[in-house]
Amino acid sequence: MATSSDNKENSTETEGKDNYYLELSSEPVKFEPVNDVTDVFFDDSKQQVFAIRSGGVTGVLVKGPEHNINFRMDDKGPVISIKFSPNMNILAIQRSVTSVEFINYNPTTSLEGIEYSQPCKGKNATILGFVWTCGNEILFVTDHGVELLQVIPEKRYVKSLKSLSLPINWFIFCPQSQLVLLSSGTLGTQMQVLYITHGNLHKITKFEMEALSTKPGKLAVSERDVALAVLYGIPCIIVLRHQPSDNCRSMGSAFVYVYTVHKMVTIKKSHILKLDMSGRFAINVVDNLIIVHHQASQTSMVFDIMLPGVSDGTVIHHTGIVPSKSIKPCSLKVPGPNIPEYVNQPCQLYSPNWVVFQPNIIIDAKLGCLWYMELKLDSLVNLITDKVRLVEFLMQRKNSKQLLIQVIKDLVTQMPTTLIDMPAIFDKINVVYRNHLENEIQSVIGTPIQSNVKNINSSYENSKYKIFLDQSDMYGHILSKFPEDTIDTQMIIWVLLEYIRSVSEQGIPVQHYLHELIITTLVNKQAYYQLHQLLQYHVVSDSKPLACLLLSLENLYPAAHQLALDMLKRLGNAHEEIIEVLLSKGHILPALRYIRSVGKADQVCARKFLEAAKAADDPTLFYSVYKFFEQRNVRLHNTTGFAKSERCSTYVQHFKTLFQTTDNGCNSDTMSTYSIISSTST
């Protein structure tokens, strides 16, 4: 709840022990409370509170997330509604049920003082309310229909744009989606949704809600039980429904129906939330979660329509993701008996004075406070026992990346207790990771990449995940941070291989540092046989960096040298690397045989081989290498000499020094060594 800094200090001893998962913002927006001379109004589009003292004569205070202003206006009667236009240049005031007055506003000069009025159409029409839509456009909603108008402040003129005739009981507007829900019909169950764009009204298919129970003279669906919201990027209509009870003296359990608006064309009931309680409820939406407050029990429930539920073939039924619990207790600083002393006064939670607005606003007009409902994700983590579900839940929350990393890190360190959950958790992570990569590619080239990955749940592809973990996140924060003193080496290897398996199954190229991590882990634990098998059966993908790593491990595991050479050869594009490895080990003749076998004899640098042969201090070897390149020169240039650009004069002189006689003077061993070069064996 609204926890002041002082209150936090007083509760230090219990901090970290509570498991409250909802709280009010620590710094509420404070305004002058309702009293005999002050009226309070709230504009949910701009989230502004208007405190009007003495009809505006003694002042109007406006407080909101972006503005904190005050001005005065003439008292021309009781105010029914008051709202600023989106760009704050026009103030609309409704004082009667037949018209709305407008006053131009300038932050430097305040109100201009000259009002201009716009009546609604129809002599018998009554204005139920109005909303600013976009720019200087305003929508009047009457009991006879809707009127879209444009206010021209320079001319103090109001122009009619569009209108629609329809009997209306009540309406709700959603500024995020620009949707207006209109209730009509005798029972109030017939619903018409309008989508508002610049200068136009678009009708979406009508639909009807069930009339579960109704009292004479009462609407079956009331305005207070309906909310418009945007969940995971999709406009939704959230409706609280009370089931009739067999006992006429009591009310049955309540449900929440969620209707989704598809592509601003059709509306379908898609989810049902089971409350298992009856009484008075209020609804908030926080971070795509539906929060249902129950006044009688003073508890709140949390629902996530993106988590799997039970489908009956038409709708998906959900229960709360955690047990219902009260909002965290809070207090406010109020003047004490001795000025300027302040004391903490506890706030009454679930007060009858609370008014709930969308998406996450709670106002207590008598207390003069506006709070924002907030989630405590760290508490939710401790209450969600299904770890796969927990990971999926956290990936859909904003600002939860560090918490998600910590959760997975904790699960890994709890191996083998969490062994059964890890494959599914890795799959959840990598499905979202792949979708992120696909979206990035699509944004660059404009078309989706082709995929041969099967059995991807479409709900993941369409949902709006806030968080994803890529391979660098998993490597840097989790996979390379195993506490070796508490987790068995075999478990570490299993986790690494399982994560790589999951990445590969999603068609994502595995980064080489993950394979390196497996190899170094096996070498450090002297698990050479397992390392050899992983490489032999290609569980670890071939790569140049990996081959270089194997070469560096030769002192610890001599067989790593040959494993590296085999890997480089399989790559097919690592000829230079193989030559360098062979020369560094003094395997000069095998290097010559290799370049001949891959058809690279005419491209390699002769000086590199001659230098290695000279360093070997073996005249017979040097003779063989020298003659090999002499023959190449004859074939390429029709001469035994080396081109000046090859810079081999030092080695020509060295050859002459070693062999003053003619080539016929060389012994048979020398010629035999030279002939070995022609062998195709590597």
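Note that this is a predicted model, so its numbers are computed, not measured.

Reading the values: rules and limits
Residues numbered from 1 in each chain as written. Predicted model: local features only at pLDDT ≥ 70, side-chain atom pairs only at ≥ 80, totals over all residues. Heavy atoms only, no water. Helix = DSSP H or I, 4+ residues; strand = E, 2+ residues; numbered from the N terminus. Buried < 20%, exposed > 50% of the residue type's maximum accessible area, 1.4 Å probe, protein only. Contact = heavy atoms within 4.5 Å. Areas by Shrake-Rupley, 256 points an atom, 1.4 Å probe, with all protein chains shown as cover. Salt bridge = Lys/Arg side-chain N within 4 Å of Asp/Glu carboxyl O. Pairing = 2+ DSSP bridges. Axes fitted to C-alpha atoms, helices over the stretch in contact; angles between N-to-C directions. Core = buried A, V, L, I, M, F, W, Y, C linked by side-chain atoms within 4.5 Å. Expected span 1.5 Å × (residues − 1). Parallel < 35°, antiparallel > 145°, perpendicular 65-115°, else oblique. Patch = residues over 30% accessible without salt bridge, like charges linked within 9 Å, V, L, I, M, F, W, Y side chains within 5 Å. Disulfide = S-S within 2.5 Å. Phe/Tyr/Trp six-rings, centres within 6.5 Å; stacked < 30°, edge-to-face > 60°. Lys NZ or Arg CZ within 6 Å of the ring centre and 35° of its normal. pLDDT = per-residue confidence, 0-100. Nonpolar A, V, L, I, M, F, W, Y, C, P; charged D, E, K, R; others polar.

Another point: the overall build of the chain. On a plain count of helices and strands, the chain comes out with 18 helices and 32 strands. Counting every position in the chain, which comprises 682 residues, the buried fraction comes to 48%. Once local pairs closer than 6 in sequence are excluded, the contacts in the chain between residues at least 24 apart make up 52%. On the chain, roughly 33200 Å² of surface is accessible, and the fraction owed to carbon and sulfur atoms is 50%.

Below, the discussion takes up the pattern of salt bridges. If you walk through the whole model with that rule in mind, you get 17 salt bridges. A salt bridge links E115 to R95, with the nearest nitrogen and oxygen atoms 3.5 Å apart. Of the two residues, E115 is situated in strand 10 (residues 110–119) and R95 in the loop between strand 8 (90–94) and strand 9 (99–106); the sequence distance between them amounts to 20 residues. Exposure remark for R95: the relative accessible area of 13% places this residue in the buried category. The shortest N-O distance in the salt bridge between E630 and K627 comes to 2.9 Å.

Strand order in the open sheet formed by 3 strands is 23-24-25, with antiparallel pairing between adjacent strands. This sheet does not close on itself; its edge strands, each paired only once, are strand 23 (281–286) and strand 25 (299–303). Each strand of the sheet is rotated relative to its neighbour by a mean of 25°, with strand direction disregarded. Sheet analysis places strand 24 (residues 289–294) next to strand 25, joined by 5 bridges and oriented antiparallel.

This brings us to unusual backbone geometry. Cis geometry marks the peptide bond from Q358 to P359, where omega comes out at 0°. Tracing the backbone through its elements, the reader meets P359 in the loop between strand 30 (354–357) and strand 31 (361–364). Positive phi values are uncommon outside glycine, yet Q178 reaches one of about 60°. Along the chain, Q178 falls in the loop between strand 15 (170–174) and strand 16 (179–184). We note that N399 has phi near 55°; this positive angle belongs to a residue other than glycine. Relative to the elements of secondary structure, N399 occurs in the loop between helix 3 (387–395) and helix 4 (401–413).

Turning our attention to the nonpolar core. Counting 117 residues, the largest nonpolar core has L479 and F609 as its most contacted members. Looking at this core, the element that brings in the most residues is helix 8 (residues 489–505), giving 8 residues. In this view, F609 contacts I579, L583, I588, A591, L592, I595, V604, V625 and F629; residues no more than four positions away in its chain are not counted.

A separate point is helix 12 (residues 560–571). Over its 12 residues, helix 12 extends 16 Å from the first C-alpha to the last, a length consistent with the 16 Å expected when each residue adds 1.5 Å. Buried within helix 12 are the following residues: A560, H561, L563, A564, L565, M567 and L568. The inward-facing, buried residues of helix 12 abut helix 10 (528–536), helix 11 (544–552) and helix 13 (575–584). G572 sits one or two positions beyond helix 12 and adopts a positive phi of about 80°.

Counted residue by residue, strand 24 has 6 buried out of 6 residues, so it is predominantly covered. A two-sided burial pattern is seen for strand 24, the buried positions comprising L289, I291 and H293 on one face and I290, V292 and H294 on the other. For strand 23 and strand 24, the ladder comprises 6 bridges, and the chain directions are antiparallel. Across the sheet, residue I283 finds its bridge partner in strand 24, namely V292. Taken together, strand 23 and the strand that follows it, strand 24, pair antiparallel across an intervening segment of 2 residues, in which D287 is found at a positive phi of about 55°.

The next point concerns the packing of helix 9 (residues 512–524) against helix 10. The contact between helix 9 and helix 10 brings their axes to 8 Å, and the two run at 155°. With respect to their mutual orientation, helix 9 and helix 10 come out roughly antiparallel. Facing I518, I519, L522 and V523 of helix 9, the residues of helix 10 in contact are Y528, Q530, L531, L534 and L535.

Taking 1.5 Å as the rise per residue, helix 8 with 17 residues should run 24 Å; its terminal C-alpha atoms sit 24 Å apart, in good agreement. T489, M491, I492, I493, V495, L496, E498, Y499, I500, S502 and V503 are the residues of helix 8 that are buried. The secondary structure elements touched by the buried residues of helix 8 are helix 4, helix 5 (422–445), helix 7 (471–479), helix 9 and helix 10. One or two residues past the end of helix 8 sits G507, with phi positive at roughly 75°.

One open sheet accounts for 4 strands, arranged 15-16-17-18; its pairing is antiparallel. The sheet is open, and its two borders are formed by strand 15 and strand 18 (200–208), each paired with just one other strand. Pairwise comparison of adjacent strand axes, ignoring direction, gives a mean angle of 20° for this sheet. With 5 bridges connecting them, strand 15 and strand 16 associate as antiparallel partners. If you follow I172 over to strand 16, its bridge partner there is L181.

Turning next to a nonpolar patch on the surface. Side chains of I441, V444 and I445 sit close together on the surface and give an oily, nonpolar patch of about 280 Å² of accessible area. Mapped onto the elements of the fold, I441 is located in helix 5.

This brings us to the state of the cysteines. A complete count under the given rule lists 0 disulfides for this structure. Lacking any disulfide linkage, C605 is separated from the closest cysteine sulfur, that of C648, by 6.5 Å.

Turning to the packing of aromatic side chains, a few remarks are in order. If you walk through the whole model with that rule in mind, you get 21 aromatic pairs. Taken together, the aromatic side chains of F622, Y623, Y626, F642, F655 and F659 make up a single cluster linked through ring pairs. Lying over the aromatic face of Y20, K325 brings its terminal NZ or CZ to 4.9 Å of the ring centre.

For the chain, mean pLDDT is 84; residues scoring 70 or higher make up 88% of the total. In this model, residues 449–463 is a region of pLDDT below 50 whose contacts with residues beyond four sequence positions or in other chains number 23 contacts.

A word on the packing of helix 7 against helix 8. Where helix 7 contacts helix 8, the axes come no closer than 12 Å and their chain directions differ by 170°. Accordingly, the angle class assigned to the pair helix 7 and helix 8 is roughly antiparallel. Here Q471, M474 and L479 of helix 7 lie close against helix 8, whose contacting residues are V495, L496, Y499 and V503. Its residues assigned to classes, the contact of helix 7 with helix 8 comprises 6 nonpolar, 1 polar and no charged.

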